[in-house]
Amino acid sequence: AASGRALRGAARAGVQSPPIRGLRASPRARSAMPSWVIDRYGHNDVLRFTRDMVFPTIHFPNEVIIKVHAASLNPIDLSMRSGYGATALNMKRDPLKIKSMDTEFPLTLGRDVSGVIMECGLSVSYFKPGDEVVWAAIPPWKQGTLSEFVVASGNEVSFKPKCLSHTEAASLPYVGLTAWSAVNQVGGLNKSNCGGKRVLILGASGGVGTFAVQLLKAWGAHVTAVCSHDASTLMKKLGADDVIDYKSGNLEEQLKTLPLFDFILDNVGGSTEKWALDLLKKWSGATYVTLVTPFLINMDKLGVADGMLQTGVTVGSKTVKHLFKGVHYRWAFFMPSGPSLDEIAELVDSGKIQPVIDQVFSFSEVPKAFLKLEGGHARGKTVIDVISKK
């Protein structure tokens, strides 16, 4: 497996260079495609279906075009629909400010994709047109996956697990990579050092939480999951050792009755940060990682430069403050990564991780899917079957 991943990494290599038009492609003559887009930020009424979205173009030699079979929604799609993070993401889309801000629209949401490779840039050697079993998570500064086709970097794409359908596969990339970033890349846990560690997951029944529970159990950790009572059966099914109902009493007091933890993953934020770090084992390398940060809020409120400065000051001061108390404090974010999806696919195919899907909608029902996600209390992912005929 390790040598296979190394070969994949070598084959993925392809640093972005000036735009070129060279392709290895399946023939096509179309210039437009069906998509769900927004033309302004707002509530659900800003979602618009069009058959005239510009067909995606390969601009760099390491890019591929994917025909989307299935996609899924994440909380970031609700946030982006409302304009959250617009300042930072617009800068990422157009760092030289060549275009006016209005040209970001029409904007396609959706981060997850499972589908078929249609075209490849010249430096893409690991994939070829016609590969039917790929999945990816598209970063939020790119056009999204609620569309017939989407462009991705070859380094963001992986062969999906053989045991999953497209709708099942589309539920995992974004939440899987977010959890992987928090637990492995930021938190430093892996299959070699995780055995026997006590882990607490706050907000365990959402997409990231359900994935993290399974990942940490696959690596041998003792997992305590915090969720509402109606999700407790699901948590046990996914392997959680202890399940705490945050509605059954004072959560802080309930957790204080348990042995201290080696690692905490916080998907909730807010007031939990004020007391959660006291639940860690002091001076043992114990780490608290939160996925709820003010990074994009600062950008939107203060602008890019001042927002980044404020963010750096905040995380720096908190890191030092807690380091003096004997624990590590970290922020984590989604990171697109085909190689990490390779590792996740191996865990899925070995039966250690399974998709958790709350509901599947057809492509014509995208607004209903957004309302479902907006209603909260989902147990797993909201998936869109893009090629459905309903």
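Residues numbered from 1 in each chain as written. Predicted model: local features only at pLDDT ≥ 70, side-chain atom pairs only at ≥ 80, totals over all residues. Heavy atoms only, no water.

(A) Region of interest: the overall build of the protein chain. The helix and strand inventory of the protein chain stands at 13 helices and 17 strands. A total of 390 residues make up the protein chain; the buried ones form 52% of that total. A separation of at least 24 residues holds for 73% of the contacts in the protein chain among residues at least 6 apart in sequence. (Helix = DSSP H or I, 4+ residues; strand = E, 2+ residues; numbered from the N terminus. Buried < 20%, exposed > 50% of the residue type's maximum accessible area, 1.4 Å probe, protein only. Contact = heavy atoms within 4.5 Å.)

(B) Spotlight on the confidence of the model for the protein chain. Summary statistics for the protein chain give a mean pLDDT of 87 and a share of 83% for residues scoring 70 or more. pLDDT under 50 marks residues 13-22. Its contacts with residues more than four places away, or in other chains, come to 23 contacts. (pLDDT = per-residue confidence, 0-100.)

(C) Structural context of the nonpolar core. Among the nonpolar cores identified, the biggest contains 79 residues, and I66, L146, L216 and M235 are the most heavily contacted of them. In terms of residues, this core owes the most to one element, helix 5 (residues 173-186), which gives seven residues. Both of domain 1 (30-171 + 353-383) and domain 2 (186-329) provide at least three residues apiece to this core. Here M235 is in contact with A204, S205, T210, V213, A225, C227, A240 and V243, once residues within four sequence places are set aside. (Core = buried A, V, L, I, M, F, W, Y, C linked by side-chain atoms within 4.5 Å. Domains from an automatic or database assignment.)

(D) The arrangement of the pairing of strand 4 (residues 63-73) in detail. Here strand 4 lies mainly inside the structure; 10 of its 11 residues are buried. Across five bridges, the pairing between strand 4 and strand 8 (residues 149-153) is antiparallel. When the bridges of strand 8 are listed, I65 appears paired with V151. Pairing analysis gives six bridges linking strand 4 to strand 6 (residues 112-121), with the strands arranged antiparallel. When the sheet's bridge partners are listed, V68 is paired in strand 6 with G115. (Pairing = 2+ DSSP bridges.)

(E) Geometry of helix 6 (residues 207-218). If you check helix 6, its first and last C-alpha atoms are 17 Å apart, about what 12 residues at 1.5 Å a residue would give, namely 16 Å. Across the 12 residues of helix 6, 10 count as buried, placing the element largely inside the fold. What helix 6 keeps buried is the set G207, V208, G209, T210, F211, A212, V213, Q214, L215 and L216. Backbone geometry just after helix 6 places G220 at a positive phi near 90°. (Expected span 1.5 Å × (residues − 1).)

(F) View of the sheet that holds strand 3 (residues 47-54). Spatial strand order, 3-2-5: three strands in an open sheet with antiparallel pairing. Whereas interior strands pair on both sides, the edge strands pair on one side only; in this sheet they are strand 3 and strand 5 (107-108). Of the strand pairs in this sheet, strand 2 (residues 32-38) and strand 5 are connected by two bridges, and their pairing is antiparallel. Within the sheet, the bridge partner assigned to I38 lies in strand 5 and is L107.

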